[in-house]
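One letter stands for each residue in the lines below.
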Amino acid sequence: MSPFSIAGLVGVVPGPAPAAAEHTAVALLPGGAGYGLVGLALLAAGLLVWSLVLRRRVAARTQALQAARAELEGLRAAGEEARLRLDAETAGRIRELDDTAAEFRAIVEAASSGIVLMRDRHIVHCNRRMDEIFGYAPGEQIGQPTRIWYASDEEWARIGEEVYRKIWQGENHQREAQVRRKDGSPVWVRMSGRALDLAHPERGLVGIIEDITREREMLEEAQRARAMAEDGARMKSDFLANMSHEIRTPMNAIVGMAYLALRTDLTARQRDYLEKIQGAGQHLLGIINDILDLSRIEAGKLVVEHIPFSLERMIVNVTALLAEKTAAKGLELIVDVADDVPNELVGDPLRLGQVLINYANNAVKFTERGEVAIRVRRREAGDGQVELYFEVRDTGIGIDHDVQARLFSSFEQADSSTTRHYGGSGLGLVISRRLAALMEGEVGLNSTPGVGSTFWFTARLGYGPAQPSRFVPHAELVGRPILVVDDNAHAREVLGEMLRRMGFEVMALESGAAALDEVRSAEAAGRPYALVLLDWQMPCKDGISTAREIRALPLAEPPHIVMVSAHGRDELLAAARSIGIQDVLIKPVTASLLFDTVVRLLGHAPAGEVMPALVAPPGLELSRLAGSRVLLVEDNDLNQQVALELLRQAGMRVDVAENGAVAVDRVRIQPYDIVLMDLQMPVMDGLTATREIRRLPGRGGLPIVAMTANAMAGDRERCLAAGMQDHVSKPIEPARLWACLRRWLTPKTEPVAHVVQPAPAPAGGGEVPADLAPLADVPDLNVRDGVRNALGKESLYLALLARFVAGQRDFSAHFATALAESDLVSAERFAHTLKGLAAQIGAHTLGELAEQLESAVRIRAEAVVLVPLQADVTRRLTALLAALEAALPAPTPAAPTQACVDVAELKAVCARLAQALAADDFASGPLLETHEALLRAGLGHRFPLIAEAARSFNFEQALEVLQEAMESLGLGS
């Protein structure tokens, strides 16, 4: 067989089909012989069929493989696309991160503060500003310890301990320190630091460092500038004070002398010259006062006080300073205080009054006719304080709206043109604004040109001690009809409203004719008027004419008539008395004055108003203080007498020093249990004396108590600053004095039995004692009040009156001299002393005038205010002194000297005198005067010693000398 064989053919075709074909061929051609062609044909056919099948299979497989390959190609392309997209996003993110990092690096590098990252007190990274602050090249600090910033290892360790302790406690640390640059030069920095992660300290902390060297230099410059400004302000204040004194000295003389000259007979030309001199002087003094006040406010030296005061008393003082000005221009001065406004307050009455006076002076200046009204209202209350609203309203020229906003600025006037009609420095209102601000208040105004202006301010004040209402009449007076007649509607309304609040039935009319008709109608209706209040100057029919006609009416019970007027007091008094009217009220009428006048005329004292009896000292408590040694420092002999009587009746041993210098000498050589110190004294005042005493060895704890008629908070603060511990006001109230003594004196172990109890004072409704009957006719003297202040002892009261007459006779001369020499401190002290002494003896009206005078001196009032007040005080004091001299018993003339002394009579007189001295009784004085001749002859050289000691109220020493004399002369029992 040829090389072509079945097996070879079969071997070409893989798989089971060729194998089967081979098997078939072998079966047909056993041994390869016989059926060769047939077998080959069959084999070829089989192979052909199989090849066709196989081709289809291969085509299908190829197609599947091609589909798979296409799918794989698609997946590969998608993967490549995703890879390319991811690579692009990654590159974008990397670029963003690079940009952000670059921005942050730029921010850190551009920061004006140094920024540093530190780990273990080593610098890991810092910005360029850090290198600039510390003087290093860029990057030079990286890797170095923070020790390079400090001058020493100790400083580095100390600051590091402090800083890291706070930072790892979660706090932000900040401080200012002086550190060191690379070249060793100092630099001031402000450092702050914070931990990156408190849970992982190894991550370090970040610090921010600012160079504050320039800031520190500016601060030091500001401090130096402030010191220079304070020195300048102090120099300015000193200069102003000196210039004020230099200007005031001649100006006070010019104004005062001009005022006095104007009261003499002058030609018309002379009067014109003097009036112009006086006006110019007053204007200049007003400017000086304003400048001084403003300089004190700007320097922060003016503080408001917080003291108890009476609102009504403050307003009375204000209106007293305005009365003459309003009367000179024919203006009504009206005061309207709402019923819910408390009278007893705590604040600064002097500054309240100053603002009201500033406002009212402007109101008077810009008002030619009509009225000036002072109104007080309550705004709000709470937390122990009340806000009061004060306003001064006038009917003057008014102020344009565009000017109002700047009126409370310095040196501003409503009319600033060169042709302005009204003068003024423009300081009064700015001073008022600042004073109101110091009292937690505001200021403002409402004005209509041609109608008038209202200037207002508010102030926050404390409540004073609660006082029962004084304006409650007796039950029989409630509802009694009263007629008020006044042509001024506002004045009529205010007066009527005050009476209605008091419980009276009021009819208010505007003319005398209407009043006559009303009186007739009321009489006919069976309800006649009990009282008629008549304004003096009314059109058509004035008050005097109306009163005369009312008196002429056929009335069953004619009403009481009271004249009321705003001006022309002397002329009105004469006219009223000519028709039998004794009661005249001068506007503005206060509620208390109105109430007292009404209830007095209607025949009833105010309900429950009984003069309290003298409070006797608690015997047992004070007896434990008996024997205490007291130094009384007082320059006024009348006040000495009262205090001595009080203290000695409690069994205390008292020495007297007439001024602070004597007190210092006494304390230096003699131990005392307490010192009672007056403040205003000649030679050395109480504050200076207290400071000197505190410098003495062993006197640091000595109780020193101020005794003065002033109760100003500033006085108390100065007392405490000087070393005083307490304050007792004058007139001396026994209860307050006892309370003070119990606070500061150490009680003795056993009470002393001989403490003298004072006699009770007469009750308010009792008659004046017979021995004092001549004093009942002394005008303006309340004898019952005086006796009460004198501990209920008539002999002491008579002694006080005698000393008042002797001590105040030269008041007018002393006060006038002080004013002429511009010694305002002495002038204020003279008025202050008179105020206290007048209150002590019961001369209340004089005391009030003296208080107004003292206030006027204190606020440096103009001469046009001060001089009339001085004249009023002088006139009233002169009248009182003359009346007292006439009423007081004349001293018994001394009997002629006897050559022979009646021993029995001398013994009896000495025994009585010894008894009086032992009881510290002021009756020893009259005994010495009555029996002077006998005692002088019998006791010889000892009599002057006894008399001097008794007159100085040193009764203990007088008794010792008397007992020695009696023993040596054999006059003892």
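Reading the values: rules and limits
- Residues numbered from 1 in each chain as written.
- Predicted model: local features only at pLDDT ≥ 70, side-chain atom pairs only at ≥ 80, totals over all residues.
- Heavy atoms only, no water.
- Helix = DSSP H or I, 4+ residues; strand = E, 2+ residues; numbered from the N terminus.
- Buried < 20%, exposed > 50% of the residue type's maximum accessible area, 1.4 Å probe, protein only.
- Contact = heavy atoms within 4.5 Å.
- Areas by Shrake-Rupley, 256 points an atom, 1.4 Å probe, with all protein chains shown as cover.
- Phe/Tyr/Trp six-rings, centres within 6.5 Å; stacked < 30°, edge-to-face > 60°.
- Salt bridge = Lys/Arg side-chain N within 4 Å of Asp/Glu carboxyl O.
- Pairing = 2+ DSSP bridges.
- Axes fitted to C-alpha atoms, helices over the stretch in contact; angles between N-to-C directions.
- Left-handed = near helix turned anticlockwise from the far one by under 90°.
- Nonpolar A, V, L, I, M, F, W, Y, C, P; charged D, E, K, R; others polar.
- Arc of directions from axis to C-beta.
- Polar contact = N/O pair within 3.5 Å; in protein donor to acceptor, adjacent residues only side chain to side chain.
- 1 Å grid on protein atoms, 1.4 Å probe; cavity = no way out; pocket = protein on both sides within 12 Å on 5 of 7 lines; lining within 4 Å.
- Points joined across faces, edges and corners; volume = space filled by probe spheres on them.
- Core = buried A, V, L, I, M, F, W, Y, C linked by side-chain atoms within 4.5 Å.
- pLDDT = per-residue confidence, 0-100.
- Patch = residues over 30% accessible without salt bridge, like charges linked within 9 Å, V, L, I, M, F, W, Y side chains within 5 Å.
- Lys, Arg positive; Asp, Glu negative; His and termini not counted.
- Charge placed at Lys NZ, Arg CZ, Asp CG, Glu CD.
- Parallel < 35°, antiparallel > 145°, perpendicular 65-115°, else oblique.

Draft legend 1. Geometry of the overall build of the protein. If you tally the helices and strands in the protein, you get 33 helices and 22 strands. Classification of the 973 residues of the protein by burial places 44% in the buried group. Taking contacts inside the protein between residues at least 6 apart in sequence as the whole, the part at least 24 apart equals 68%. For the protein, the exposed area adds up to about 48,800 Å²; of that, 55% sits on carbon and sulfur atoms.

Draft legend 2. The packing of aromatic side chains, seen in detail. Inspection of every chain in the model, using the stated rule, returns seven aromatic pairs. Ring geometry for Y359 against F455: centres 5.6 Å apart, planes inclined by 50 degrees, an arrangement best described as tilted. Taken together, the residues Y359 in helix 9 (residues 349-365) and F455 in strand 12 (residues 452-463) connect sequence positions 96 residues apart. Judged by relative accessible area, which is 2%, Y359 ranks as buried.

Draft legend 3. Region of interest: the pattern of salt bridges. The tally for this structure, following the rule as stated, stands at 43 salt bridges. The residue K835 makes a salt bridge to E854 at a minimum N-O spacing of 2.9 Å. Of this pair, K835 sits in helix 26 (residues 824-841) while E854 sits in helix 27 (residues 844-858), and the two are 19 residues apart along the sequence. Given a relative accessible area of 1%, E854 falls into the buried group. Among the charged side chains, a salt-bridge network with shared partners connects E176, R190, E210, E215 and R216.

Draft legend 4. The arrangement of the sheet that holds strand 4 (residues 186-195) in detail. The antiparallel open sheet is built from five strands, whose spatial order is 2-1-5-4-3. The two strands at the open ends of the sheet, each matched to only one other strand, are strand 2 (122-126) and strand 3 (173-180). The average undirected angle you get between the axes of adjacent strands in this sheet is 35 degrees. Sheet topology places strand 3 next to strand 4; eight bridges connect them, and they run antiparallel. Opposite R180, over in strand 4, you have P186 as the bridge partner.

Draft legend 5. Region of interest: the environment of P703. Relative to the helices and strands, P703 is located in the loop between helix 20 (686-695) and strand 21 (704-708). By relative accessible area, P703 is classed as buried at 12%. Once the C-alpha coordinates of P703 and Y672 are considered, the two residues, 31 residues apart in sequence, prove to be 9.0 Å apart. Among all residues touching P703, those that are not within four sequence positions of it are D673, I674, V675, Q725 and W744.

Draft legend 6. Layout of the packing of helix 12 (residues 489-501) against helix 16 (residues 591-601). Relative to each other, helix 12 and helix 16 sit at 65 degrees, their axes nearing to 11 Å. As for the relative orientation of helix 12 and helix 16, their crossing is right-handed in sense. Where helix 12 approaches helix 16, its residues L495, M498 and L499 are matched on the opposing element by A591, L594 and V598. A class-by-class count of the residues in the contact of helix 12 with helix 16 yields six nonpolar, no polar and no charged.

Draft legend 7. Up close: helix 20. Among the residues of helix 20, G686, L687, A689, T690, I693 and R694 are the ones counted as buried. For helix 20, the angular spread of the buried residues around the axis is 160 degrees, confining them to a single face. One side-chain oxygen at the N-terminal end of helix 20 lies 2.9 Å from the backbone nitrogen of L687; it belongs to D685.

Draft legend 8. Layout of empty space enclosed by the protein. Across all of its chains, the model carries five cavities of 30 Å³ or more by this definition. For the largest cavity, the calculated volume is near 220 Å³. As for the largest cavity, its lining consists of 19 residues, of which M118, W149, Y150, V163 and M191 are closest to the centre. At the level of secondary structure, the elements contributing two or more residues to the lining of the largest cavity comprise helix 5 (153-167), strand 3, strand 4 and strand 5 (205-211). When residues of the lining of the largest cavity are assigned to their parent elements, the largest contribution, five residues, is made by helix 5. Partitioned by chemical class, the residues of the lining of the largest cavity number eleven nonpolar, six polar and two charged.

Draft legend 9. Inspection of the sheet that holds strand 16 (residues 560-565) at higher detail. In spatial order, the strands read 14-13-15-16-17; together these five strands make up an open sheet with parallel pairing. Strands at the two margins of the open sheet, each flanked by one partner only, are strand 14 (505-509) and strand 17 (584-586). Taken pair by pair, the neighbouring strands of this sheet meet at an average axis angle of 20 degrees, ignoring direction. Sheet analysis places strand 13 (residues 481-485) next to strand 14, joined by five bridges and oriented parallel. When the sheet's bridge partners are listed, V485 is paired in strand 14 with L509. Sheet strands in contact with helix 13 (residues 512-524) are strand 13 and strand 14, and its direction is about 160 degrees off that of strand 13.

Draft legend 10. Quick peek at the side chain of T367. Along the chain, T367 falls in the loop between helix 9 and strand 9 (371-382). At 2.6 Å, the side chain of T367 and the backbone oxygen of A363 are in polar contact. For T367, the residues in contact, after removing those within four places along its chain, are K329, L331, D394, T395 and G396.

Draft legend 11. Examining the nonpolar core more closely. The biggest cluster of nonpolar side chains holds 111 residues, and the ones touching the most others in it are F457, L775, L781, Y797, F804 and L884. The element best represented in this core is helix 28 (residues 863-887), accounting for ten residues. Ignoring anything within four residues of it in the chain, the contact list for L775 reads L781, V783, Y797, L798, L801, L884, A887 and L888.

Draft legend 12. Spotlight on the confidence of the model for the protein. Of the residues in the protein, 80% reach a pLDDT of 70 or more, and the chain-wide mean stands at 78. Segment residues 892-899 is flagged for pLDDT under 50; beyond a separation of four residues in sequence, or across chains, it makes five contacts in the model.

Draft legend 13. Representation of unusual backbone geometry. Residue K587 is joined to P588 through a cis peptide bond whose omega torsion reads 0 degrees. For E440, which is not glycine, the phi dihedral falls at a positive 60 degrees. Structurally, E440 can be placed in the loop between helix 11 (428-438) and strand 11 (443-448). The residue C540 is not glycine, and still its phi comes out positive at about 70 degrees. Along the chain, the position of C540 falls in the loop between strand 15 (531-535) and helix 14 (543-552). When its relative accessible area of 91% is taken as the criterion, C540 is described as exposed.

Draft legend 14. The arrangement of helix 11 in detail. Of the residues making up helix 11, those classed as buried are G428, L429, V430, I431, S432, L435 and A436. E440 lies just past helix 11 and shows a positive phi near 60 degrees.

Draft legend 15. Examining a negative patch on the surface more closely. Negative charge collects at one region of the surface, where E96, D98, D99 and E103 lie side by side. Topologically, D99 is positioned in helix 3 (residues 36-110). With relative accessibility at 48%, the residue D99 sits in the partly exposed group.

Draft legend 16. Summary view of the packing of helix 29 (residues 903-918) against helix 31 (residues 932-939). Look at helix 29 against helix 31: their axes get within 10 Å of each other, and the N-to-C directions meet at 105 degrees. Relative to helix 31, the element helix 29 lies roughly perpendicular. Contacts from E905, L906, V909, C910 and L913 in helix 29 reach L934, L935, G938 and L939 in helix 31. Here the contact of helix 29 with helix 31 is composed, by residue class, of seven nonpolar, one polar and one charged.

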